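Chain by chain, the residues run as shown.
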Amino acid sequence: APDLWGPDQWHKNYPIAKGHHQSPIEINNKEVHYDRSLLPWFASYDPGAAKTILNNGKTCRVVFDDSFDRSVLRGGPLPGVYRLRQLHFHWGSSDDHGSEHVVNGVRYAGELHLLHWNPKYSNYLDAVRRTDGIAVLAIFLQVRRTPKPEMKRILEEINAIKTKGKEAPFPNFDPSILFPKSHDYWTYHGSFTTPPCEECITWIVLREPIIVSSDQMAKLRSLSKNAENEPELPLVDNWRPTQPRHYRMVSASFL
Ligand SMILES: Clc1ccc(Cc2nnn[n-]2)cc1
Ligand SMILES: [Zn+2]
């Protein structure tokens with residue numbers, strides 16, 4: 001059956017969805033350009049900034065206090081500090097797919113996005129209208145037999161936010177505990193991967209995935225996209241297919 005609201009239809013309401021700076025994209029070694037001028041990136045997150053965890057019907061999201069430069073990302077390709085606003089996940093209906101970016105043909109089971117905005121703009125909604133408004137740190141989730149203990153706190157809250165609109169307190173959490181060892185990254189200019197698909201994102205995609213277990217991925221898949229009193233609709237496959245790269249350069253911070 002034709003999916004009336006699927007990614008191929010978004011351009012009808014949001015023409016930019018067919019723009020030339022859309023995300024996600026395929027990252028292929030042969031087309032990547034090593035840029036030795038790229039700086040390392042740094043996250044300085046205050047655990048006290050974590051506020052709540054929410055099922056918004058399209059993902060599991062943790063929101064942070066972004067009323068001042070409390071938790072920030074800086075360095076890398078960024079011109080200054082960017083404020084952490086929220087993190088969320090993308091995943092599939094099985095372990096063999098679910099990530100948004102694809103690396104040399106490899107799809108990972110999921111992808112963690114930490115979304116930051118440029119405080120040179122008066123607020124987040126203004127920032128999403130600017131090409132340098134948003135920075136997303138993207139981290140692949142790779143399934144192996146070993147769970148990632150640092151994922152436990154998020155996954156333990158899943159039972160409290162099973163259905164769309166459910167929210168729970170999520171205090172004292174520093175998302176940098178989720179980071180892999182290596183800070184090597186690719187960077188390119190792109191967009192939100194859901195409507196309105198604004199082309200306002202500096203993407204920082206980490207080369208090293210974090211390792212999670214199949215059970216941990218199954219926990220994410222136990223979320224529902226329906227509200228409590230509605231028929232059960234599993235929240236899975238909330239990833240957008242890769243988009244044309246057009247003439248964009250993907251730079252690598254590593255050789
Ligand atoms: Cl909460 C949320 C916010 C944005 C998206 C889509 C997206 N755009 N860029 N990264 N993720 C999905 C869920
Ligand atoms: Zn995302």
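Residues numbered from 1 in each chain as written. Chains lettered and ligands numbered in written order. Predicted model: local features only at pLDDT ≥ 70, side-chain atom pairs only at ≥ 80, totals over all residues. Heavy atoms only, no water.

*Asks:* Break down the nonpolar core for me, citing the residues and quoting the values.
*Replies:* In this structure, C60, L87, F89, L114, L137 and I154 are the most contacted members of the largest nonpolar core, which totals 42 residues. Of the residues forming this core, the biggest block, five residues, is contributed by strand 7 (residues 82–91). Non-local contacts of L114, meaning those with residues more than four positions away in its chain, are made with Y45, L84, Q86, L87, A135, V136, L137, I139, P175 and F179. Ranked by size, the runner-up nonpolar core spans 25 residues in total, among them I25, I27, V103 and F254. (Core = buried A, V, L, I, M, F, W, Y, C linked by side-chain atoms within 4.5 Å. Buried < 20%, exposed > 50% of the residue type's maximum accessible area, 1.4 Å probe, protein only. Helix = DSSP H or I, 4+ residues; strand = E, 2+ residues; numbered from the N terminus. Contact = heavy atoms within 4.5 Å.)

*Asks:* Describe in detail the pattern of salt bridges, supporting the description with residues and values.
*Replies:* Here the structure, examined in full by the defined rule, presents 12 salt bridges. For the salt bridge of R245 with E31, the shortest nitrogen-to-oxygen distance reads 3.6 Å. Pair noted here: R245 is in the loop between helix 4 (214–221) and strand 15 (250–252) and E31 is in the loop between strand 1 (26–27) and strand 2 (32–34), with a separation of 214 residues, a long-range link. For R245, a relative accessible area of 24% corresponds to the partly exposed category. The residue R130 makes a salt bridge to D126 at a minimum N-O spacing of 2.9 Å. Salt bridges linked by common partners bring D46, D65 and R70 together as one network. (Salt bridge = Lys/Arg side-chain N within 4 Å of Asp/Glu carboxyl O.)

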